[in-house]
Amino acid sequence: MAGRRTEKDSDYFRVVDDAINSYTWAAVVKLQERGIIDDVLGPVGQGKEAKLVLARRRDGTHAALKIFYPVPVKFVKSRYGYVLGDPRFRGLKVRNYLHLVQVWCRKEFGNLSRAFRAGARVPEPYGFYRNVLAMRFVGSGTTPAPLLADVGLEGLDDPDSVLYEIVKSVERVYILGGLVHGDLSPFNVLYDGESPWIIDWGSAVRRGHPRELDYLRRDVERILEFFGSSIEPQRLLKRLVERGSWRGPIDVDEEGWLLIGGRRIVDD
Ligand SMILES: Nc1ncnc2c1ncn2[C@@H]1O[C@H](COP(=O)(O)OP(=O)(O)OP(=O)(O)O)[C@@H](O)[C@H]1O
Ligand SMILES: [Mg+2]
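What counts as what
- Residues numbered from 1 in each chain as written.
- Chains lettered and ligands numbered in written order.
- Predicted model: local features only at pLDDT ≥ 70, side-chain atom pairs only at ≥ 80, totals over all residues.
- Heavy atoms only, no water.
- Donors = N, O, S within 2.8 Å, 3.2 Å for Na, K, Ca; no water.
- Helix = DSSP H or I, 4+ residues; strand = E, 2+ residues; numbered from the N terminus.
- Buried < 20%, exposed > 50% of the residue type's maximum accessible area, 1.4 Å probe, protein only.
- Phe/Tyr/Trp six-rings, centres within 6.5 Å; stacked < 30°, edge-to-face > 60°.
- Lys NZ or Arg CZ within 6 Å of the ring centre and 35° of its normal.
- Salt bridge = Lys/Arg side-chain N within 4 Å of Asp/Glu carboxyl O.
- Pairing = 2+ DSSP bridges.
- Axes fitted to C-alpha atoms, helices over the stretch in contact; angles between N-to-C directions.
- Contact = heavy atoms within 4.5 Å.
- 1 Å grid on protein atoms, 1.4 Å probe; cavity = no way out; pocket = protein on both sides within 12 Å on 5 of 7 lines; lining within 4 Å.
- Points joined across faces, edges and corners; volume = space filled by probe spheres on them.
- Domains from an automatic or database assignment.
- Parallel < 35°, antiparallel > 145°, perpendicular 65-115°, else oblique.
- Left-handed = near helix turned anticlockwise from the far one by under 90°.
- Nonpolar A, V, L, I, M, F, W, Y, C, P; charged D, E, K, R; others polar.

> Lay out the coordination of the magnesium ion (ligand 2) with the relevant residues and their values.
Looking at the magnesium ion (ligand 2), one finds its protein donor set to be Asn188 (OD1) and Asp200 (OD), positioned 2.1 to 2.2 Å from the metal centre. With Asn188 in the loop between strand S8 (179-180) and strand S9 (189-191) and Asp200 in the loop between strand S10 (196-198) and strand S11 (205-206), this residue pair connects regions lying 12 residues apart in the sequence. Residue Asp200 is classed as partly exposed on the basis of its relative accessible area, which comes to 22%.

In structure tokens:
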């Protein structure tokens, strides 16, 4: 907005900021009481919807705290549809913005947990409370791993293996976890110098969601495009869907690929 903030405005914003801080701080303390994290070390990154804060665990390893901003308007615009379209949240009474942020955080934690259990390359979820989600920190020392988008294709030692790891994860999450990420792109993949880590699971949808295939197609297209892959997106999509309806036993080979009818998804 043009113009200066008045004295009154700045008072108002200070009050709002303080409320946000104490609200978030109380959630962090809860995670400490539950033994999920120990010390809080400080902010290390920021996204459009959340701040990333580094914490230490009792065993000396690091945890990443994704702290969702409990800020209204933008959040509601971008997230309301996802939450309402999800059968798990049918009948939800949205009392206020803070409540919606909590729902979103719980949803991201649930999705991340499913993806993790399906054996995908995602940060292990540790726990959540209100608007704070604790998960494995991907990085070295206190520096977060860069995004695949920032590393670029030329920064990868072995692009094929990174692409394959992502395809493997997408398939596992879809077939074993029954989920589609929905916002998969090089901006939501971290690269630790060797392997990819898929993050930002808040917008994932369950299989059966009306837009399941649109999201899956978009996820597949964006990834194949980044890698300049010769794999046809439509073909990969078709295979995912076909393999998803398989009713027989699913084996796993020594490299972690699902074997359906004895074949990997990338076999000819
Ligand atoms: N587990 C993690 N370990 C290290 N860094 C992480 C981790 N999770 C997230 N980050 C960093 O924090 C940033 C924001 O995370 P994320 O993409 O989940 O949040 P967001 O606010 O929803 O993002 P966006 O800006 O895409 O909307 C990421 O770009 C990444 O740099
Ligand atoms: Mg993101």
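Back to the write-up after that little detour.
> Just give me the short version of the packing of aromatic side chains, but keep the residues and values in it.
Within the structure shown, the criterion is met by 3 aromatic pairs. Seen from their ring centres, Tyr164 and Trp257 are 5.5 Å apart, and the 85° between their planes marks the pair as edge-to-face. On the criterion of sequence distance, the pair formed by Tyr164 in helix H5 (residues 159-175) and Trp257 in the loop between strand S12 (250-252) and strand S13 (258-260) is long-range, its members being 93 residues apart. When the ring of Phe226 is compared with that of Phe227, the centres are 5.0 Å apart and the planes differ by 85°; the resulting orientation is edge-to-face. Summarising the burial analysis for this pair, Phe226 and Phe227 share the class buried. The ring of Trp197 is capped by Arg121, whose NZ or CZ atom sits 4.6 Å from the centre of that ring.

> Please give an account of the pattern of salt bridges that cites residues and values.
This model, assessed by the stated rule, comprises 12 salt bridges. Taking the shortest distance from any N to any O, the salt bridge between Glu165 and Lys168 comes out at 3.1 Å. Residue Glu165 and its partner Lys168 are located together in helix H5, separated by 3 residues, close to a single helical turn. Looking at Lys168, the relative accessible area reads 9%, which means it is buried. When salt bridges with common partners are traced through the structure, they connect Lys66, Glu108 and Asp200 into a single cluster.

> Provide a residue-level description of the pairing of strand S1 (residues 40-46), including the pertinent values.
In the sheet, S1 pairs with strand S2 (residues 50-56) via 5 bridges, with the strands oriented antiparallel. Its bridge partner being in S2, Pro43 is matched across the sheet by Val53. Counted between consecutive antiparallel strands, the loop separating S1 from S2 contains 3 residues.

> I'd like to hear about the sheet that holds strand S4 (residues 125-129), residue by residue, with values.
Sheet architecture is open: 5 strands sit in the order S1-S2-S3-S5-S4, paired in antiparallel fashion. Edge positions in the sheet fall to S1 and S4, since each of these pairs with one other strand and no more. Neighbour-to-neighbour, the strand axes of the sheet open up by a mean angle of 25°, direction not taken into account. Here 7 bridges tie S2 to strand S3 (residues 62-68), and the two strands are oriented antiparallel to one another. Residue Leu52 lies in a different strand from S3, and its bridge partner there is Lys66. Taken strand by strand, helix H3 (residues 97-117) contacts S3, S4 and strand S5 (132-136), and its axis lies near 165° from that of S4.

> Outline the layout of surface pockets, supporting the account with residue identities and numerical values.
Looking at the largest pocket, its volume works out to about 750 Å³. The wall of the largest pocket is formed by 31 residues, among which Gly47, Phe187, Asn188, Ile199 and Asp200 lie closest to the centre. Those elements that place two or more of their residues in the lining of the largest pocket are S1, S2, S3, helix H2 (72-84), H3 and S5. When residues of the lining of the largest pocket are assigned to domains, at least three map to each of domain 1 (10-140) and domain 2 (145-260).

> Residues and numbers for the packing of helix H6 (residues 212-227) against helix H7 (residues 233-244), please.
Running from amino to carboxyl end, H6 crosses H7 at an angle of 135°, the nearest separation of the two axes being 9 Å. Between H6 and H7, the angle is such that the two are oblique. Remark: the crossing between H6 and H7 carries right-handed chirality. Facing Leu213, Leu216, Arg217, Val220, Glu221 and Leu224 of H6, the residues of H7 in contact are Pro233, Gln234, Leu236, Leu237, Leu240 and Val241. Broken down by class, the residue content of the contact of H6 with H7 amounts to 9 nonpolar, 1 polar and 2 charged.

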